[in-house]
Amino acid sequence: MSSDDIKPAHVVWHDGHVQTEDRSYLLGQRPITVWLTGLSASGKSTLAFALERRLVDIGHACYVLDGDNVRHGLNKDLGFSCQDRNENIRRIAEVARLMNNAGLIVITAFISPYGDDRQLAREIVGVENFVEVYVNTPIEICEARDPKGMYRRARAGQISGFTGVNDPYESPGRPDLTINTSIASPSECAGKLLAAVIARIALSEGEKRQTFGDSQ
Ligand SMILES: Nc1ncnc2c1ncn2[C@@H]1O[C@H](COP(=O)(O)OP(=O)(O)O)[C@@H](O)[C@H]1O
Ligand SMILES: [Mg+2]
């Protein structure tokens, strides 16, 4: 059951006096969510944090929501069942939307293996703000890397429901960008990602000239 299902009728949205456009103008960027999806060890976290570093270095306000990090706090009550994965993604998408509304560029790094969950995330964040990046690294490469020993433990039967081993990964049908980290260095991959993101976050001349409303 989602929180929407139990929201009482008397809970009504209260509009503020600052629009997302105001924050966008203030920060000089279009706030988007760059949604990285791919197998464990495909390179999502490495690329997310590299992209964040590069964006900050050129003056953009952004934040990484990383799968493992978020499970230390906000989502520490969730496991890896289909239902919990769904709730994990729903919460992340809601947080990404809030951060976008606050003007930040958000980069998410979650396996997000199910197409339906990614579609839900796209709807929550908003189609126009959602940039899906498929970190499409062959499973043999991911398994050879195995930086956290997870594939080894999954193959040994010590982890159930591990994506790519005993749980499916549904590849995105039409991602905005695909990156194969087995044929380029982390730096090259981050550069490709940065170029795609810069093209999406640039404000038009009209948006740059937008003035703030009068406040009394
Ligand atoms: N081109 C590349 N891009 C990203 N990671 C790479 C690349 N080449 C090798 N790697 C290595 O692959 C591993 C990816 O791990 P990680 O980023 O934690 O993956 P994920 O977050 O998808 O589970 C790291 O050890 C990283 O150094
Ligand atoms: Mg990671």
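Just so you know, these numbers come straight off a predicted model, no measurement behind them.

What counts, and at which threshold
For every chain, the first residue of the written sequence is number 1, and numbering continues from 1 along that sequence. All chains are assigned letters beginning with A, and all ligands numbers beginning with 1, in the order in which they are written. The model is predicted, so local features are restricted to residues of pLDDT at least 70 and side-chain atom pairs to those at 80 or more, both for listing and for counting; the totals for chains, interfaces and linings are taken over all residues. Side-chain figures throughout are based on the complete set of non-hydrogen atoms in the structure, without hydrogens or water. In these notes, residues near a molecule or strand are those with any non-hydrogen atom within 4 Å of it. Within 3.5 Å is the distance limit for a polar contact, defined as a pair of N or O atoms, with the added protein rule that one can donate a hydrogen and the other accept it, and that residues adjacent in sequence qualify only through two side-chain atoms. Per-residue and other accessible areas were derived by the Shrake-Rupley procedure at a 1.4 Å probe size, with only the shown protein chains allowed to occlude residues. Under the grouping applied here, Gly and all other residues not named as nonpolar or charged are polar, the nonpolar ones being Ala, Val, Leu, Ile, Met, Phe, Trp, Tyr, Cys and Pro and the charged ones Asp, Glu, Lys and Arg. The pairing criterion is simple: DSSP has to find at least two bridges between the two strands. Strands here are runs of E lasting at least two residues and helices are runs of H or I lasting at least four, both read from the DSSP assignment and numbered beginning at the N terminus. Orientation is described by lines fitted to C-alpha atoms, with helices fitted over the stretch in contact, and by angles between N-to-C directions that extend from 0 to 180 degrees. Working definition: roughly parallel below 35 degrees, roughly antiparallel above 145 degrees, roughly perpendicular at 65 to 115 degrees, and oblique for all remaining angles. Put simply, a crossing is left-handed when the front helix is turned counterclockwise from the back one by less than a right angle, and right-handed when it is turned clockwise. Working rule for contacts: check all heavy atoms of both residues, and any pair within 4.5 Å makes them a contact. Residues grouped as a nonpolar core are buried Ala, Val, Leu, Ile, Met, Phe, Trp, Tyr and Cys residues, joined through side-chain atoms within 4.5 Å. Remark: exposure states derive from per-residue accessible area (1.4 Å probe, protein chains only) relative to the maximum for the residue type, with buried under 20%, exposed over 50%, and partly exposed in between.

> Now, about the site of ligand 1: what can you tell me, with residues and values included?
The full set close to ligand 1 counts 16 residues, and Ala41, Lys44, Ser45, Thr46 and Ala184 are the nearest of them. A distance of 2.7 Å separates an oxygen atom of ligand 1 from a polar atom in the backbone of Ala41. Arg145 places a side-chain nitrogen or oxygen 3.3 Å from an oxygen atom of ligand 1. When the free accessible area of ligand 1 is taken as 570 Å², the share hidden by the protein chains comes to 77%. Taken together, the residues of the shell around ligand 1 sort by class into seven nonpolar, seven polar and two charged.

> Any details on the sheet that holds strand S1 (residues 33-37)? Residues and values, ideally.
What the five strands build is an open sheet, ordered S2-S3-S1-S4-S5; its pairing is parallel. Each edge of the open sheet carries a strand with a single partner, namely strand S2 (62-66) and strand S5 (177-179). On average, adjacent strands in this sheet sit at an angle of 20 degrees to one another, irrespective of strand direction.

> Which residues make up the packing of helix H5 (residues 82-101) against helix H6 (residues 115-125), and what values do they have?
The contact between H5 and H6 brings their axes to 9 Å, and the two run at 25 degrees. Classified by the interaxial angle, the pair formed by H5 and H6 is roughly parallel. Crossing of H5 over H6 shows right-handed handedness. Contacts between H5 and H6 involve Arg85, Asn86, Ile89, Arg90, Ala93, Glu94, Ala96, Arg97 and Asn100 from the former and Asp117, Leu120, Ala121, Ile124 and Val125 from the latter.

> Tell me about the nonpolar core, and name the residues and values.
Of all hydrophobic cores here, the largest spans 23 residues; its most connected members are Val34, Leu36, Leu55 and Leu193. Elements with a contribution of two residues or more to this core: S1, helix H3 (44-57), S2, strand S3 (105-109), strand S4 (130-135), S5 and helix H9 (186-201). Ranked by residues supplied to this core, first place goes to H9 with six residues. Residues within four places of Leu36 in sequence aside, it is in contact with Lys44, Leu47, Ala48, Ile107, Thr108, Ala109, Phe110, Ser112, Val133, Val135 and Leu193. Counting residues in each nonpolar core, the second largest holds 14 residues, with Ile89, Ala93, Val106 and Phe110 among its members.

Without other data, these values stay purely geometric and don't point to any function.
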